[in-house]
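What follows is each chain in one-letter form.
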Amino acid sequence: MGDSLLNKTFVVTGATSGIGLAVAEALAQRGAAVIGVGRSEERCAQAEERWRACHHQARVACLVADLSVQAEVRRLIEEISTLLATWGLTALDGLANVAGTFTFWQTLTPDGFETQWAVNHLAPFSLTLGLLPLLRQAPMARVVTVSSGSHYRTRLQWDDVQLQRRYQPLRAYKQTKLANVLFTAELNRRLGTASTVRAFAADPGLVRTGIGFKARSGLARWIWKLRLWRAVPPEDAARGIVFLLSEPSLQGSDAIYWKDCQPLRPSAYALNEEHGARLWELSARLCGLSDAACGEQLGDEPTTHG
């Protein structure tokens, strides 16, 4: 089961199925307080019931939010803060950005964003920044964002980063997974080496989940079904994510990209500082976050002019 995580508190998105459910369950089994996030009220209630059975001292809750909508992400941040205060807590020890989607046909969110870009990248970006003040209150906090080996051999198409003019579903997915690594690297740069918050990107490998069955395409679902024979169960993928969330020795690690509890070198493109800064500025603008707001969340000291 691993060392106890009593007195630790974690937020896990995509927590009602697949990898997210397994991560939340593993954390609850070790006594951590867990706040899950899901889209369905019914499935959130079912997940809560499962987690409560894991450890008699664990506090658990599953909040409902549609992460494709930025207003929902902002509401979620407020609900998490309120819930922590209700529990008498002032700090968050970790955030696992697990929720993800794949859309075969181009679909836009109510905000006008391409759906994969909105759920897989913009939601982790804005949720992480919104929860940073709580994460910075912990003596050692982690942000783990689920990426993929598909980020290799991928580049961002800056003139149409959401592929709204020339949509290709797999390319759109790969771009979001590259964005996850770029964001992780840039977040660590902006937090600085003295920060108590450390960010990692997790590569879960090919996992037996339902993400490929979400596509409204018979061909896409058939291809995903064929691939599943090589996939590992969600519990195996969750082990690496929980390791990144909880292992104390990683706090000083320079490695940002991990698979199966081992560091891997991400693509050179993902480590490029210019690309990381450009993506950060674009993401902040799309999420409606000013430079001042981003700086405040990061804990930057306000600049004074004489």
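Structural notes, computed from the coordinates.

Calculation rules
- Residues numbered from 1 in each chain as written.
- Predicted model: local features only at pLDDT ≥ 70, side-chain atom pairs only at ≥ 80, totals over all residues.
- Heavy atoms only, no water.
- 1 Å grid on protein atoms, 1.4 Å probe; cavity = no way out; pocket = protein on both sides within 12 Å on 5 of 7 lines; lining within 4 Å.
- Points joined across faces, edges and corners; volume = space filled by probe spheres on them.
- Helix = DSSP H or I, 4+ residues; strand = E, 2+ residues; numbered from the N terminus.
- Nonpolar A, V, L, I, M, F, W, Y, C, P; charged D, E, K, R; others polar.
- Axes fitted to C-alpha atoms, helices over the stretch in contact; angles between N-to-C directions.
- Parallel < 35°, antiparallel > 145°, perpendicular 65-115°, else oblique.
- Contact = heavy atoms within 4.5 Å.
- Salt bridge = Lys/Arg side-chain N within 4 Å of Asp/Glu carboxyl O.
- Buried < 20%, exposed > 50% of the residue type's maximum accessible area, 1.4 Å probe, protein only.

1. Brief notes about empty space enclosed by the protein
So, point 1. The tally for this structure, following the rule as stated, stands at 1 cavity of 30 Å³ or more.
So, point 2. Of the volumes computed, that of the largest cavity is approximately 50 Å³.
So, point 3. Taken together, Thr 13, Leu 67, Asn 97, Ala 99, Val 119, Ala 123, Pro 124 and Leu 127 make up the lining of the largest cavity.
So, point 4. The leading source of residues in the lining of the largest cavity is helix H4 (residues 115-135), at 4 residues.
So, point 5. Grouping the amino acids of the lining of the largest cavity by side-chain chemistry returns 6 nonpolar, 2 polar and no charged.

2. Some words on the packing of H4 against helix H9 (residues 273-286)
So, point 1. Taken N-terminus to C-terminus, the directions of H4 and H9 make an angle of 90°; their axes are 10 Å apart at the nearest point. Considered as vectors, H4 and H9 are oriented roughly perpendicular to each other. Mapping the contact onto sequence places Trp 117, His 121, Leu 122, Phe 125 and Leu 129 in H4 and Leu 279, Trp 280, Ser 283, Ala 284 and Leu 286 in H9.
So, point 2. Of the residues assigned to the contact of H4 with H9, the class counts are 8 nonpolar, 2 polar and no charged.

3. Some words on the pattern of salt bridges
So, point 1. Counted according to the given criterion, the structure contains 10 salt bridges.
So, point 2. Across the salt bridge formed by Arg 50 and Glu 25, the nearest N and O atoms sit 2.9 Å from each other. Residue Arg 50 is located in helix H2 (residues 41-52), and its partner Glu 25 is located in helix H1 (residues 18-29); the two are separated by 25 residues in the primary sequence.
So, point 3. In this structure Arg 50 comes out as partly exposed when scored by relative accessible area, which is 40%.
So, point 4. Here Glu 25 falls in the buried class, since its relative accessible area comes to 16%.
So, point 5. Among the charged side chains, a salt-bridge network with shared partners connects Glu 72, Arg 75 and Glu 79.

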